[in-house]
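Next come the chains, spelled out residue by residue.
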Amino acid sequence: MTIRIVKLGSERAPGEGTRIGTVRRPPRGVPKTEFASRNYYDVWYPNLAPSVETMKLGQQAETPAQWAAFVKAYRHEMAEPDAARSIALLAALSHQSHFSVGCYCEIEAQCHRSVLRALLQEQGAEIAPA
């Protein structure tokens, strides 16, 4: 059993399971009834998305120091009780079922999902290789 970290909208892997969108907003121009069939997500879970302010830090990061500031801010948000419990829950569920979490960003290394991957691993999650 594993969690896959994915780009939302990408083709699903065989046996991927439920796809969870950890994004602030639904995909633009896509009818709600088509989110799953177009491989965005089955469940929208913005609780694990960065706040708008933090997301802007990540999007504007051009240097390692700026990226580090984003990581620090996002980790701080994910340390809040509700987010921390969500991460712990997903980590525990990864030992019993297949599912994925994701975001729209093209490159994981420049996306909050790279930090989310680390946070899930720190909680003992079973994560599929990238």
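See above for the structure.
Conventions we followed
- Numbers given for residues are sequential positions, taken from 1 along each chain in its written order.
- The predicted nature of this model means local features are confined to residues of pLDDT at least 70 and side-chain atom pairs, given and counted, to a pLDDT of 80 or more, with totals for whole chains, interfaces and linings taken over all residues.
- To get the side-chain values, all heavy atoms of the structure are used, and hydrogens and water are removed first.
- Pairing of aromatic rings covers Phe, Tyr and Trp, the last through its six-membered ring, and needs centres within 6.5 Å; plane angles under 30 degrees mean stacked, over 60 mean edge-to-face, and all others mean tilted.
- Secondary structure counts use DSSP, requiring at least four H or I residues in a row for a helix and at least two E residues in a row for a strand, with both numbered from the N terminus.
- Exposure is judged per residue with a 1.4 Å probe applied to protein chains only, and the accessible area is read against the type maximum: over 50% gives exposed, under 20% gives buried, and values in between give partly exposed.
- Should DSSP find at least two bridges between two strands, the strands are taken to pair.
- Here a salt bridge means any side-chain nitrogen of Lys or Arg lying within 4 Å of a carboxyl oxygen belonging to Asp or Glu.

> Tell me what's going on with the packing of aromatic side chains, and back it up with residues and numbers.
Within the structure shown, the criterion is met by 4 aromatic pairs. Between the aromatic rings of Trp67 and Phe70, the centroid separation amounts to 4.7 Å while the plane-to-plane angle is 40°, which identifies the pairing as tilted. Pair noted here: Trp67 and Phe70 are both in helix α2 (residues 64–78), with a separation of 3 residues, about one helical turn. What links up through ring pairs into an aromatic cluster is the set Trp67, Phe70 and Tyr74.

> Kindly report on the pairing of strand β4 (residues 99–103), identifying the contributing residues and their values.
Most of β4 is tucked away: 5 of the 5 residues are buried. With burial as the criterion, each face of β4 is covered, one bearing Phe99, Val101 and Cys103 and the other bearing Ser100 and Gly102. Here strand β2 (residues 18–21) pairs with β4 via 4 bridges, running parallel. Across the sheet, residue Ile20 finds its bridge partner in β4, namely Val101.

> For the pattern of salt bridges, give the residues involved together with the corresponding values.
Inspection of the entire model under this criterion finds 7 salt bridges. The closest approach of N and O atoms between Glu106 and Lys7, which form a salt bridge, is 3.5 Å. One end of the pair, Glu106, is in the loop between β4 and α4 (112–122); the other, Lys7, is in strand β1 (residues 3–7), with 99 residues separating them in the sequence. Under the relative-accessibility criterion, Lys7 is labelled partly exposed at 25%. Between Glu34 and Arg38 there is a salt bridge whose closest N-O contact spans 3.0 Å. Residue classification places Glu34 among the partly exposed positions, given a relative accessible area of 29%.

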